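Listed below, chain by chain, are the residues.
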Amino acid sequence: MADTGTIAAEPAPITLDWSKTALVIIDMQRDFMEPGGFGETLGNDVSQLARAVQPIAAVLAAVREAGLLVVHTREGHLPDLSDAPPAKVERGAPSLRIGDPGPMGRILIRGEAGHDIIPELYPLESEIVIDKPGKGAFYATELSDILSKYGIENLLVCGVTTEVCVNTTVREANDRGYRCVVISDGCASYFPEFHEMGLKMIKAQGGIFGWVAESAAVLKALAA
Ligand code: TIU
């Protein structure tokens, strides 16, 4: 593998130094992906998210082979809910609230089966897992320090959901000076139209928040 690679992205191709690039996989947890979890309690059709799994798995395999830093994130809360703002727990009219017992354990609580990452994308022991209480992966986490420690400047970002945790994380990262390349088919939303607009918002205005590329383009750049 070359030291750098150029990804056919929008709004323009981008050349990345792989040694300064990490893959960030956002919240590919059973709580969002499977029936009986947090996503479904909010009234969503969780089958909408399955399409992102295979593209992420392909990029994850290539990135592991290339030796890039891999970061997985999980949204969730401590069992005593001390890191869950009442404003979040009380929100809306879900069928079950954060912390309530569900078929995969307590909804969105760390350590429960539903909170963990789906088997297809399960982290290796050597990979970094960031537990986050919010939608963004930088808020109230050690992510910034870890990326600095590894000299990371560029993020390949994928996961769920496009307009919620992916967009929030990309916006946080962009303000912190990271170049973000969002993998379009490696993201998904419960709302297809929000997925499409969520990607458009990132790449509009000359890439106001970052770049958008298909997984095939990322794989091609890594293989070059
Ligand atoms: N509800 C929804 O679309 N998303 C979230 O609550 N969290 C994430 O996006 N991970």
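Residues numbered from 1 in each chain as written. Predicted model: local features only at pLDDT ≥ 70, side-chain atom pairs only at ≥ 80, totals over all residues. Heavy atoms only, no water.

In the annotation of an unreviewed UniProt entry, the chain is listed under the name Nicotinamidase-related amidase and assigned to Bradyrhizobium macuxiense.

Moving on: the nonpolar core. What tends to happen in soluble globular proteins is that the nonpolar side chains get buried as a cluster. Ranked by internal contacts, the top residues of the largest apolar core, which has 40 residues, are Ile7, Trp18, Leu23, Met28, Val63, Leu156 and Val218. Broken down by secondary-structure element, the contributors of at least two residues to this core are strand S2 (14–17), strand S3 (21–26), helix H1 (30–33), helix H3 (53–66), strand S8 (154–160), strand S9 (179–188) and helix H8 (215–223). Apart from residues no more than four positions distant in its own chain, Leu23 is found in contact with Val59, Leu60, Val63, Leu69, Val70, Val71, Leu156, Cys158 and Ile183. If you look at the next biggest cluster of nonpolar residues, it comprises 26 residues, including Ile128, Ala137, Phe138 and Leu147. (Core = buried A, V, L, I, M, F, W, Y, C linked by side-chain atoms within 4.5 Å. Buried < 20%, exposed > 50% of the residue type's maximum accessible area, 1.4 Å probe, protein only. Helix = DSSP H or I, 4+ residues; strand = E, 2+ residues; numbered from the N terminus. Contact = heavy atoms within 4.5 Å.)

What follows concerns the pattern of salt bridges. Considering all chains together, one arrives at 12 salt bridges under this definition. In this structure, Glu127 engages Arg64 in a salt bridge whose closest nitrogen and oxygen atoms are separated by 2.7 Å. Placement of the pair is Glu127 in the loop between strand S6 (105–106) and strand S7 (128–132) and Arg64 in helix H3, with a sequence separation of 63 residues. Given a relative accessible area of 30%, Arg64 falls into the partly exposed group. A salt bridge links Lys200 to Glu196; the shortest N-O distance between them is 3.4 Å. (Salt bridge = Lys/Arg side-chain N within 4 Å of Asp/Glu carboxyl O.)

What follows concerns the UniProt feature "domain: Isochorismatase-like" (unreviewed entry) in the chain. Following the UniProt record, one finds the feature "domain: Isochorismatase-like" (unreviewed entry) at residues 21–208. Taken end to end, residues 21–208 is 34% helix and 21% strand, and its first and last C-alpha atoms sit 19 Å apart. (UniProt positions renumbered as here; feature names shortened; annotations may be inferred.)

Turning next to the packing of aromatic side chains. The tally for this structure, following the rule as stated, stands at three aromatic pairs. With a centroid separation of 4.8 Å and 40° between ring planes, the pair formed by Phe191 and Phe194 is classed as tilted. The class for Phe191 is partly exposed, based on a relative accessible area of 33%. (Phe/Tyr/Trp six-rings, centres within 6.5 Å; stacked < 30°, edge-to-face > 60°.)

What follows is about the sheet that holds S7. Sheet strands pair by backbone hydrogen bonding; their relative direction is either parallel or antiparallel. With parallel pairing, six strands are arranged side by side in an open sheet as S7-S4-S3-S8-S9-S10. At either end of the open sheet lies a strand with only one pairing partner, and these are S7 and strand S10 (211–213). This sheet shows a mean twist of 25° between the axes of neighbouring strands, independent of strand direction. Here S3 runs beside S8; their pairing, made up of six bridges, is parallel. If you follow Leu23 over to S8, its bridge partner there is Leu156. Where H3 meets the sheet, it contacts S3, strand S4 (69–75), S8 and S9, and its direction lies at approximately 150° from that of S3. (Pairing = 2+ DSSP bridges. Axes fitted to C-alpha atoms, helices over the stretch in contact; angles between N-to-C directions.)

This brings us to the site of the ligand. The local shell around the ligand consists of Asp27, Phe32, Phe38, Leu42, Glu75, Lys135, Val160, Thr161, Val164, Cys165 and Tyr190. Val160 places a polar main-chain atom, nitrogen or oxygen, 3.1 Å from a nitrogen atom of the ligand. The protein chains hide 93% of the 280 Å² of surface that the ligand would expose on its own. For the shell around the ligand, the class distribution of residues is seven nonpolar, one polar and three charged. (Near = heavy atom within 4 Å. Polar contact = N/O pair within 3.5 Å; in protein donor to acceptor, adjacent residues only side chain to side chain. Areas by Shrake-Rupley, 256 points an atom, 1.4 Å probe, with all protein chains shown as cover. Nonpolar A, V, L, I, M, F, W, Y, C, P; charged D, E, K, R; others polar.)

With 14 residues, H3 extends 20 Å between its outermost C-alpha atoms, agreeing within 8% with the 20 Å of an ideal straight helix rising 1.5 Å per residue. Those residues of H3 that fall on the buried side of the exposure criterion are Val53, Pro55, Ile56, Val59, Leu60 and Val63. Taken around the axis of H3, the buried residues stretch over an arc of 155°, which confines them to a single face. Facing away from the buried side of H3 by over 90 degrees, the exposed positions are Gln54 and Glu65. On the buried face of H3, the contacting elements are S3, H1, S4, S8, S9 and H8. (Expected span 1.5 Å × (residues − 1). Arc of directions from axis to C-beta.)

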